[in-house]
Amino acid sequence: MIELLVTSFPFVLRVMYLRWKGLPITLYNVHRALFLWFVLALIVFIAVFYYYPKSYTGIVPFRTVPVVAETGGTVTEVFVRGGDHVIVGEPLFSIENASELAKVELAERKIDEINAAIVAAHLEVDTAEAALAAAEAALKQAEITLADHQELKQRKSAAYQPSQFERAQSQRETRSAEVDAATSKLSAAKVQAEAIIPAQLESAKASLKQAQLELERTRVLSFVDGTVEQLALNVGARATPAAMSPAMVIVPDRKASQSGRIVAGFSQVSRREIYEGMAAEIACESNFNIAMNNTVLPARITRIQIPISAGQMTPSGRLMEPAERAKRGQIVAHLDLVYPEHQELLVPGSGCIVQAYTTHLKGPLEGSVTAHVIEALGIIKAVGIRIKAWLGLAAGIGLAGSGH
């Protein structure tokens, strides 16, 4: 509409000239002006719509975190209400934990039992060491006795008796075997005290840690900072770990780098004209107001998604038919507001009109008079987005339909 008004000056001048001359206004008198009007309008339409792409699918994106129980059970306590702001680590709700408490207590008793066994094992080591010392002393005494009988035998003393000599040899062998047995028993006691029982203790500690972890899972904590929404949980209800039916939803706080982010889809034809750093304006429905205050906000394109989502192929049991992808996708662009103070005006999830402006025409027309004319035509789109904001306001309050 605005394009038609801008390009109507040849027809208007022709009509004014005919009136000034007092000539009648007929189709024959104004047909050239009408043709020139049509040509100029066509050129302006093509230039404006091609070099100034618009999107009606802009949104202020935000993400949600569904909250589910890590283990199923009956809810015993709910710590939050809908609309509450939570921080990381804050409890949300708890489920019945009698079984988990029993497992923790059993694991703790097992550790106490093993600790007592460790004390007993060390006492066993002390006993084995004492027995070894006694056996070594007896062996030493037997060796002294055997040495005395050997000396008597070598001197051929009348006091030498073969039976006593043989008895001393047998006594020595017996004491030596007792030392070997005491040594083996000491080694076994040390292995028990220093390897087997400590390993059992570590295993019991691991079991306790697992039991405590299962107990902790009965109390669901928040892993993000955000606001609790869609709380559909009450004491006595059954909490399930199914992600398809969450107990509540948390809307995380938007980071400073994301609070002024808008995502919009442009026609595939606009791919050659939109670029990173391109100037734009956004008009979000949640900001429409009768005074047009902070309704249209300046922004810039900061990133362009190269792949087109509609062309995605996912592995399945059959080959994809191209007809299933008949709907053409859009070029997705991410925009950031120019002024940080406008970030608080954006309502997460709001729908927006996005108007991009070609402020630096590239290619063969760069720097030419035609390029400057095309760049100046951006005023048409600037006026147009404000008119559409007014029309959107009228529709929203019921003056022009249902507002849908």
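In the block above lies the structure referred to throughout.
Attention here is on the structure that accompanies the text. If you're wondering where the values come from, they're calculated on a predicted model, not measured in any experiment.

Thresholds applied
Residues numbered from 1 in each chain as written. Predicted model: local features only at pLDDT ≥ 70, side-chain atom pairs only at ≥ 80, totals over all residues. Heavy atoms only, no water. Helix = DSSP H or I, 4+ residues; strand = E, 2+ residues; numbered from the N terminus. Buried < 20%, exposed > 50% of the residue type's maximum accessible area, 1.4 Å probe, protein only. Contact = heavy atoms within 4.5 Å. Areas by Shrake-Rupley, 256 points an atom, 1.4 Å probe, with all protein chains shown as cover. Polar contact = N/O pair within 3.5 Å; in protein donor to acceptor, adjacent residues only side chain to side chain. Pairing = 2+ DSSP bridges. Patch = residues over 30% accessible without salt bridge, like charges linked within 9 Å, V, L, I, M, F, W, Y side chains within 5 Å. Salt bridge = Lys/Arg side-chain N within 4 Å of Asp/Glu carboxyl O. Lys, Arg positive; Asp, Glu negative; His and termini not counted.

1. Notes on the overall build of the protein
Here is step 1: On a plain count of helices and strands, the protein comes out with seven helices and 14 strands.
Here is step 2: When burial is assessed residue by residue, the protein has 31% of its 404 residues classed as buried.
Here is step 3: If you take every contact in the protein between residues at least 6 apart in sequence, the share linking residues at least 24 apart comes to 78%.
Here is step 4: Here the protein displays about 25000 Å² of accessible surface, and carbon together with sulfur accounts for 59% of that area.

2. A few points about the environment of aspartate 112
Here is step 1: Residue placement: aspartate 112 occurs in helix α4 (residues 98–155).
Here is step 2: Exposure remark for aspartate 112: the relative accessible area of 40% places this residue in the partly exposed category.
Here is step 3: Linking aspartate 112 and leucine 201, residues 89 residues apart in sequence, is a C-alpha distance of 9.2 Å.
Here is step 4: Polar contacts involving the side chain of aspartate 112 include one to the side chain of arginine 109, which spans 3.0 Å.

3. Comments concerning the environment of glutamate 77
Here is step 1: Mapped onto the secondary structure, glutamate 77 falls in strand β3 (residues 73–78).
Here is step 2: With relative accessibility at 39%, the residue glutamate 77 sits in the partly exposed group.
Here is step 3: Considered as a pair, glutamate 77 and phenylalanine 93 are 16 residues apart in the sequence and their alpha carbons are 5.6 Å apart.
Here is step 4: Look past the residues within four positions of glutamate 77 in its chain and what remains in contact with it is Phe93, Ser94 and Val235.

4. Regarding the sheet that holds strand β5 (residues 91–95)
Here is step 1: Within the open sheet, the four strands sit side by side as β6-β5-β3-β8. Their pairing is antiparallel. Of all strands in the sheet, those with a lone pairing partner are β6 (219–221) and β8 (238–239), marking the two edges.
Here is step 2: With three bridges connecting them, β5 and β6 associate as antiparallel partners. The residue bridging proline 91 from the neighbouring strand is leucine 221, located in β6.

5. Points about a nonpolar patch on the surface
Here is step 1: Side chains of Phe38, Leu42, Ile46, Tyr50 and Val269 sit close together on the surface and give an oily, nonpolar patch of about 500 Å² of accessible area.
Here is step 2: Along the chain, tyrosine 50 falls in helix α3 (residues 27–51).

6. Details of the side chain of glutamate 273
Here is step 1: As for its position among the elements, glutamate 273 is in the loop between β10 (261–266) and β11 (279–284).
Here is step 2: No salt bridge forms around the buried glutamate 273; measuring N to O, its nearest opposite-charge neighbour arginine 272 is 6.0 Å away.
Here is step 3: A polar side-chain atom of glutamate 273 sits 3.0 Å from a polar atom in the side chain of tyrosine 50.
Here is step 4: Discounting chain neighbours no more than four positions away, the residues touching glutamate 273 are Tyr50, Tyr51 and Met278.

7. Section: unusual backbone geometry
Here is step 1: Phi at methionine 292 is positive, roughly 55°, even though this residue is not glycine.
Here is step 2: Positionally, methionine 292 belongs in the loop between β11 and β12 (296–305).

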